[in-house]
Amino acid sequence: MNLGGFKNKEVLVDLSSGTVNYREINEDLAKKYIGGRGLGVKYVLDNGPEVEPLSAENILCIMTGPVTGSRSSMSGRLAVVTKSPLTGTVTDSHMGGYSAARLKWAGVDNIIFKGKSDKPVYLYIENGVAELCDASSIWGKSTRETVQLMKSTYGEDNLSVITIGQAGENQVLYACFMNENDRSAGRGGTGAVAGFKNLKAIVIKAEQKGNMPEPKFVEENKAANQKATKAILEGGLTAPRKGGLSVYGTNVLTNLINEVGALPTKNSQLTNWAEAENHSGEFYKDNLLVSNNACHACPVACKIEVEVKEGKYKTKVESIEFESAWAVGTNSGLSNPEAIAYLIDVCNEYGMDTIELGHSMSVTMEAYEKGLVDEKLDWGDADRMIELARKIAYREGFGNVLADGPARATSAWGAPELSMSVKGQSIPAYDPRGIQGIGLGYATSNRGACHLRGYTVASEIAGIPEPTDRLEPKGKGALLKVFQDMLAFGDSMNICKFSSFSENAEHYAEQYSTMTGIPMTAEDVMLAGERIYNLERYYNNLAGFNKREDDFLPKRFTEEPASGNSAGHVSRMDIMLEEYYEVRGWKDGVVPAEKLRELGILEKVEQ
């Protein structure tokens, strides 16, 4: 391989045979699909979209990108790519911290697991060499216990631990990976795939000195990084110690989204809540904050660590994200900020997606309120929520039903309309009645309901890169495509999405081209992102998601009007979806063969 940025080594782990092999990266595929998310999806597609997610045949890809672990700002992201047991779609889930950088510093770009071990194992990597180790002594441990045991074994310095908890071991369909920095690859059930395979953890020992990826054009890459960093330092949201993300973390959004009437409340029965301020970024900063932490090469430091020093909710946890606090907070009718912090920590310890866990609570609460289930769970009952979270992680009693996700649980209760999900994955913290574009984004996301596929909220709420009317459905198809394509490229280069609040496609192109040596323009960035997004859609089409009805929103959003400052509005999917298909060149959600050939996903037919 003749590209800068890559270590040109992939670790191939056959868990069934217990063997480890290595290969170089296919340069043509790296050029076409960039790395990270894009290249991982290509591997999952080539493995076959017909495989069962929880099977030895499914592969689990741990992916970095060409700028990962470099001097590029916000280049500490890791992508976990597989077929999701929660949705049946392809999924990629990303984590920050230092895990991705350490993997690259250890001399490895990617890890691809296949098969199933007959006993618990973990993978240890150091100096470009990987070894499968017996994990019997850490099986059954929480994520934090596992991290501490690995630090005791290998030393605390220069160590990253990516691990599942009890939820992954018990194949909760929204189990996730956590690392030593309390960062999670949260969505899609990647932890359940690892649990099925008896893979407990990935442990990486590597130091930065002398191991950072080398750019193809050193001086030009330095200039590109300086230009991008300048944009971040001057950004309205990203400026260190000034921008909202840096000061309050992602939870800066709670009061803002609540004020406009787009904060889903009590399982989306309302879109605003007077008590939401109790779990806002402002509240946590003023009352419980102990530190602002950062990932590799990040000047923003958006990670908010809080501490509850006494009482039954005593805890110290870093991951007070907007989505997490909302899911177990407002959407579950819980306003106690200490209980919310504790619940988030519980999810981290078990290794569960906080969004899906919160929805498991809220659907149960509404179902109980309506007499559909006997499990007593009132709105905001923190102690019962904590106990139910434990039952879900261990698949005990009523928790066993919820462990398969709210979409399956509500269907089992005969009330699928209570699940606010798309393709089996529950919505994040923006109500599509009050922010039209994000609803279209949920419906057309290739991994189920997700704000991170195409974050139109940047435009509709923050005015980035330019403002659009949040309540106007027209034009949102074209707007969403731009966000989806750019973020698909960013996830593949593997740079933090928050960079897109201050950087543009030209910044990405300059960092990528000077790192790899491949000439790239802003237009090339968008084309590569479009290729990756269509590759994912093609996978899903082959996996059975090939009808217009698969790109839907729950009827609550299209038929029941919003409240607060979005009162009277419903999601206008009837207008937006048709426009979106047109700008995408899709037919009722299916990518035509000619589009696949145009993008180079399929070979062109000789005339």
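Residues numbered from 1 in each chain as written. Predicted model: local features only at pLDDT ≥ 70, side-chain atom pairs only at ≥ 80, totals over all residues. Heavy atoms only, no water.

Notes on the overall build of the protein chain
Then, number 1: Along the backbone of the protein chain there are 24 helices and 17 strands.
Then, number 2: Overall, the protein chain is about 60 × 55 × 50 Å in size when its C-alpha atoms are taken along their principal axes.
Then, number 3: Summarising the internal contacts of the protein chain: among those between residues at least 6 apart in sequence, 70% fall at separations of at least 24.
Then, number 4: With an accessible surface of roughly 20700 Å², the protein chain has 47% of that area assigned to carbon and sulfur atoms. (Helix = DSSP H or I, 4+ residues; strand = E, 2+ residues; numbered from the N terminus. Contact = heavy atoms within 4.5 Å. Areas by Shrake-Rupley, 256 points an atom, 1.4 Å probe, with all protein chains shown as cover.)

Details of unusual backbone geometry
Then, number 1: Cis rather than trans, the peptide bond between Ile464 and Pro465 has omega equal to -5°.
Then, number 2: Relative to the elements of secondary structure, Pro465 occurs in the loop between α18 (457–460) and α19 (476–493).
Then, number 3: The backbone of Ile34 shows a phi angle near 75°, a positive value even though the residue is not glycine.
Then, number 4: With a phi close to 55°, Lys423 is a non-glycine residue in the positive phi region.
Then, number 5: Relative to the elements of secondary structure, Lys423 occurs in the loop between β16 (421–422) and β17 (425–426).

Some words on the environment of Asp378
Then, number 1: Position of Asp378 relative to the elements: it lies in the loop between α13 (354–369) and α14 (382–393).
Then, number 2: Judged by relative accessible area, Asp378 falls into the partly exposed class, the value being 34%.
Then, number 3: Note: C-alpha distance between Asp378 and Val300 (78 residues apart in sequence) is 38 Å.
Then, number 4: Asp378 has contacts with Met365 and Tyr368, leaving out every residue within four places of it along the chain. (Buried < 20%, exposed > 50% of the residue type's maximum accessible area, 1.4 Å probe, protein only.)

Overview of the sheet that holds strand β9 (residues 159–163)
Then, number 1: Pairing is mixed in the open sheet, where six strands are placed in the order β8-β7-β12-β9-β10-β11. At either margin of the open sheet sits one strand with a lone partner, and together these are β8 (129–134) and β11 (184–185).
Then, number 2: Of the strand pairs in this sheet, β9 and strand β12 (residues 199–205) are connected by five bridges, and their pairing is antiparallel. In the sheet register, Val161 faces β12, and the bridge partner there is Val203.
Then, number 3: Against the sheet, helix α4 (residues 143–154) touches β7 (121–126), β8, β9, β10 (177–179) and β12, its axis set at about 145° to β9. (Pairing = 2+ DSSP bridges. Axes fitted to C-alpha atoms, helices over the stretch in contact; angles between N-to-C directions.)

Thoughts on the pattern of salt bridges
Then, number 1: Within the structure shown, the criterion is met by 43 salt bridges.
Then, number 2: Across the salt bridge formed by Lys423 and Asp551, the nearest N and O atoms sit 3.0 Å from each other. Here Lys423, found in the loop between β16 and β17, pairs with Asp551, found in the loop between α21 (522–542) and α22 (555–559); they are 128 residues apart in sequence, far enough to count as distant.
Then, number 3: The buried category is assigned to Lys423, whose relative accessible area is 9%. (Salt bridge = Lys/Arg side-chain N within 4 Å of Asp/Glu carboxyl O.)

Structural notes on helix α20 (residues 505–516)
Then, number 1: Compared with the 16 Å implied by 1.5 Å per residue over twelve residues, the 16 Å span of α20 between its first and last C-alpha is a close match.
Then, number 2: Buried residues dominate α20, accounting for ten of its twelve residues.
Then, number 3: All buried positions along α20 are accounted for by Ala505, His507, Tyr508, Ala509, Gln511, Tyr512, Ser513, Thr514, Met515 and Thr516.
Then, number 4: Where α20 is buried, its residues contact α1 (27–33), α7 (218–233), α19 and α21.
Then, number 5: Put simply, Asn504 is the residue that caps the front of α20, since its side-chain oxygen is 3.0 Å from the backbone nitrogen of Glu506.
Then, number 6: Backbone geometry just after α20 places Gly517 at a positive phi near 90°. (Expected span 1.5 Å × (residues − 1). Polar contact = N/O pair within 3.5 Å; in protein donor to acceptor, adjacent residues only side chain to side chain.)

Comments concerning the environment of Arg395
Then, number 1: Within the secondary structure layout, Arg395 lies in the loop between α14 and α15 (398–402).
Then, number 2: For the pair Arg395 and Gln166, spaced 229 residues apart in sequence, the C-alpha separation works out to 9.8 Å.
Then, number 3: If sequence neighbours within four positions are ignored, Arg395 has contacts with Asn170, Gln171, Val172, Leu173, Asn400, Ala403 and Asp404.
Then, number 4: At 2.9 Å, the side chain of Arg395 and the backbone oxygen of Gln171 are in polar contact.

Side note on the pairing of strand β2 (residues 19–23)
Then, number 1: In this structure, strand β1 (residues 10–14) lies alongside β2, joined through five bridges in antiparallel fashion. Within β2, the residue paired with Leu12 across the bridge is Asn21.
Then, number 2: The turn joining β1 and β2, which pair antiparallel and follow one another in sequence, is formed by four residues; a positive phi near 75° is taken by Gly18.

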